Amino acid sequence: MFRIRRRPAGTLNIFTKVMIVIVLMLIPIIAMYNSSNKTSTRVVEQELLQINLNRIHFFVEQMDVEVNRLWRAAFVIAADPDTLQLQLRTQSVPDYSMLETKRMLLQKLDMQSTSFEWENDFTVYSPMSDVVASTNMKQVYDSAYFKDSVYDHWDYRVTLTDRGPERAFVRVLNTPFESLTKLGDPNLYVEVTFTADNLVKMLDRFMQGSASQPFLYHPDYDPIMSRELDPELIEAMAEQFNRMKAESPAEGSVTITFRDEPYLVNYVASSSLGWYLVDFQPMKQVLEPINHSKLTFYGAGLLLLLMGIASAALLYRNVQKPINDLIRGVKSLRRGAYDHRIKSGPNNEFHYLIEQFNLMSEDIQTLIDKVYAEQLSAKESSLKHLQAQINPHFLYNNFAYIQSMAQLDRTNVIIAFTQHLSRYYRYTTRTEQQLTVLAEEMDLIGNYLEIHRMQSERLHYEEHIEEELMSKLMPRLLFQPLVENAIVHGMEGKRGQFEIVITGSRTPDGWELVVEDNGVGMKQGDLFALRHSLTLQTSADHSLGLRNVHQRLKHYYGPSSGLIIDHSPLGGLRVGLKIKDGGD
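Predicted model, so just to flag it, every value in this text is computed and none were measured.

Engineer: How should I be thinking about unusual backbone geometry in this particular structure?
Structural biologist: Generally, phi is negative for residues other than glycine and the peptide bonds are trans, each holding for most cases. Not every positive phi belongs to a glycine, and Asp409 is a case in point at roughly 60 degrees. Following the sequence through the fold, Asp409 ends up in the loop between α10 (399–407) and α11 (411–428). Since its relative accessible area comes to 63%, Asp409 is described here as exposed. Within the chain, Leu477 stands out as a residue other than glycine whose phi angle is a positive 60 degrees.

Okay, structure coming up:
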């Protein structure tokens, strides 16, 4: 037999080496570009954070300036002579004078209100005279309304306006001013109100021409946002910001990942309102030009890689593939696949080698097929001869039993007996099919044992076979001779009850079917002689059946399979089939 020298482990073929060179050339280029790209992205992020922080600083300053102007207007109104006149009690001032004062004060409040860009309302209330002057005609003002007024900061609550209930910022100035720190009731309340819609309009203008998503945040209230933003997204961002602002409560800039998307976040606290202006800017839109440049570079790199692969593939197709085909072909011949042929490849130097290899394989296959066919014919003849020896073993032994039962007029016994007998011979005489499953073979053995049990009541048997083995394929009449051998040689000379136990189980490399009995058994020397007779071409009559089974096992399953014969713990013999999965 010829031997093939194996290629040393770890040796690389030509195609693999070319691919490694191409990859090694691209790795430093890609590494340098990635480093440059990361540096550029980091610089852009820092610049954007600073620019956006300056923008929202300017926005907050504008907002605070307008809020402070409104608050200073409250002091102007409180110092107005008409406002002071409103504080006089009713009994010391005529009604017409009080009405005139109220009219003049309303005109001044309207003038103050219209002088601001924001929509606002001014209200003056005197608890001493219980007189109200206000630009808001929908809200009801009295002592109860101002009882819980906020003096030291802007309160955010719902107020009634001409447009209905609206969220607004409200702050109240009371006089005399020292009443804030001293006990006593104020003489006058001046309330300043502006709606949150003013801030929404500012946010709308702030968003124009940018990818920003700004909103005003306070932990105790709903966010104030532009009408163009998604409320659910802003609510989620507000929760994220609430955890983030603890590190820098006044202002800050940070890059975060939110919902698997990077964001530039800037925030500044308003000194007047106590709210935060938060700006979430998606990095994806900001860095789109850089990402486009990066994708262009990667596309060019991929194109170079594909061109290198195409070149290597051309080399592989014309050189490496024919060599691999020849190696696989030689390995196939070594495994015995003599019908293996190599398809003709490119018309180059390897074409002649492949053609000669195919001719050599064809010649070898022709010779092997001739020898194999002769061996198969000899095996088939031997198998038919062996099976013919097994089939008619005990046919005529049953006629006497049927005759005696007929003389005793035991019709039911005869019917049961003949049914078992007919099933048994229906199976054994079916020679057109050489293979069966274990379940059918066990049905045959059951009928065979029932035939003997009806003839001798001292026969008892048990079956313990794993369920998965019942579907195993095996040659017909392979296991039954072992049961027959146990009855013929073990039951004779045995007094009392005769037991047969049939077991089937998996083994590490196959499966076993075993027949054990409590019969007369065999001496150790006779057991050795019986084992030796299994390997002989001819043997004594008493071991002919076992030798036939042993030879059939080796024919079908290979030399590793065969009979096992030993003493049984029950007292008799333990004879079984040892079958290796897949054969040899």
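Back to the write-up after that little detour.
Engineer: Help me understand the sheet that holds strand β4 (residues 164–175), please; the structure alone is not making it clear to me.
Structural biologist: In a beta sheet, neighbouring strands are held together by backbone hydrogen bonds and run either parallel or antiparallel to one another. An order of β2-β1-β5-β4-β3 is seen for the five strands of this open sheet, with the pairing classed as antiparallel. Two strands close off the open sheet at either side, each with one partner strand: β2 (131–134) and β3 (155–161). Strand-to-strand, the axes of this sheet are offset by a mean angle of 30 degrees, without reference to chain direction. Sheet topology note: the strand β1 (residues 120–126)/strand β5 (residues 188–195) ladder contains six bridges and is antiparallel. Paired with Val124 across the two strands is Val190, which belongs to β5.

Engineer: Please explain the sheet that holds strand β15 (residues 510–517) as it appears in this structure.
Structural biologist: An order of β12-β14-β15-β17-β16 is seen for the five strands of this open sheet, with the pairing classed as mixed. The sheet terminates laterally at β12 (459–465) and β16 (562–567), the two strands that pair on one side only. Taking the axes of each pair of neighbouring strands and ignoring which way they run, one obtains an average angle of 15 degrees across the sheet. When strand β14 (residues 498–507) meets β15, the two strands line up antiparallel, connected through eight bridges. Its bridge partner lying in β15, Val501 is registered against Glu516. Contacts from helix α13 (residues 480–491) reach β12, β14, β15, β16 and β17 (573–580), with the element oriented near 150 degrees to β14. Where helix α14 (residues 524–533) meets the sheet, it contacts β16 and β17, and its direction lies at approximately 180 degrees from that of β16.

Engineer: Help me understand the packing of aromatic side chains, please; the structure alone is not making it clear to me.
Structural biologist: The relative placement of two aromatic rings is captured by the distance of their centres and the angle of their planes. Overall, the coordinates contain 21 aromatic pairs when judged by the stated rule. Relative to Tyr189, the ring of Phe146 lies with its centre 4.8 Å away and its plane at 15 degrees, an arrangement referred to as stacked. Taken together, the residues Phe146 in helix α4 (residues 143–147) and Tyr189 in strand β5 connect sequence positions 43 residues apart. Across this residue pair, the class does not change: Phe146 and Tyr189 are buried. Measuring from ring centre to ring centre gives 6.1 Å for Phe215 and Phe280, while their planes differ by 20 degrees; the resulting arrangement is stacked. Within this pair, whereas Phe215 is found in strand β6 (residues 213–217), its partner Phe280 is found in strand β10 (residues 276–282), the two being separated by 65 residues in sequence. This pair shows no difference in class: Phe215 is buried, exactly as Phe280 is. These aromatic residues form a ring-pair network of at least three members: Trp71, Phe75, Trp118, Trp154, Tyr156, Phe169, Phe194, Tyr221 and Trp275. Above the ring of Phe206, the side-chain terminus of Arg55 is found at 4.2 Å from the ring centroid. Positioned above the aromatic ring of Tyr427 is the side chain of Arg476, whose terminal nitrogen or guanidinium carbon lies 4.6 Å from the ring centre.

Conventions we followed
- For every chain, the first residue of the written sequence is number 1, and numbering continues from 1 along that sequence.
- Owing to the predicted nature of the model, reporting of local features is limited to residues with pLDDT of at least 70; listing and counting of side-chain atom pairs is limited to 80 or more, with chain, interface and lining totals taken over all residues.
- In computing side-chain properties, one takes all heavy atoms of the structure into account and sets aside hydrogens as well as water.
- Secondary structure follows DSSP: runs of H or I at least 4 residues long count as helices, runs of E at least 2 residues long count as strands, and numbering of each begins at the N terminus.
- To sort residues, take the accessible area from a 1.4 Å probe on protein chains only and compare it with the maximum for the residue type: under 20% means buried, over 50% means exposed, and anything in between is partly exposed.
- Note on pairing: two strands pair once DSSP finds at least 2 bridges between them.
- For helices, the axis comes from a line fit to the C-alpha atoms of the stretch in contact; other axes are also lines fit to C-alpha atoms, and the angle between any two N-to-C directions lies between 0 and 180 degrees.
- A contact between two residues is defined here by any heavy atoms of the two lying within 4.5 Å.
- The rule is short: rings of Phe, Tyr and Trp, with Trp giving its six-membered ring, pair when the centres are within 6.5 Å, and they are stacked under 30 degrees, edge-to-face over 60, tilted in between.
- To sit over a ring, a charge needs its Lys NZ or Arg CZ within 6 Å of the ring centre and within 35 degrees of the ring normal.

By themselves, these observations are geometric and do not establish any function.
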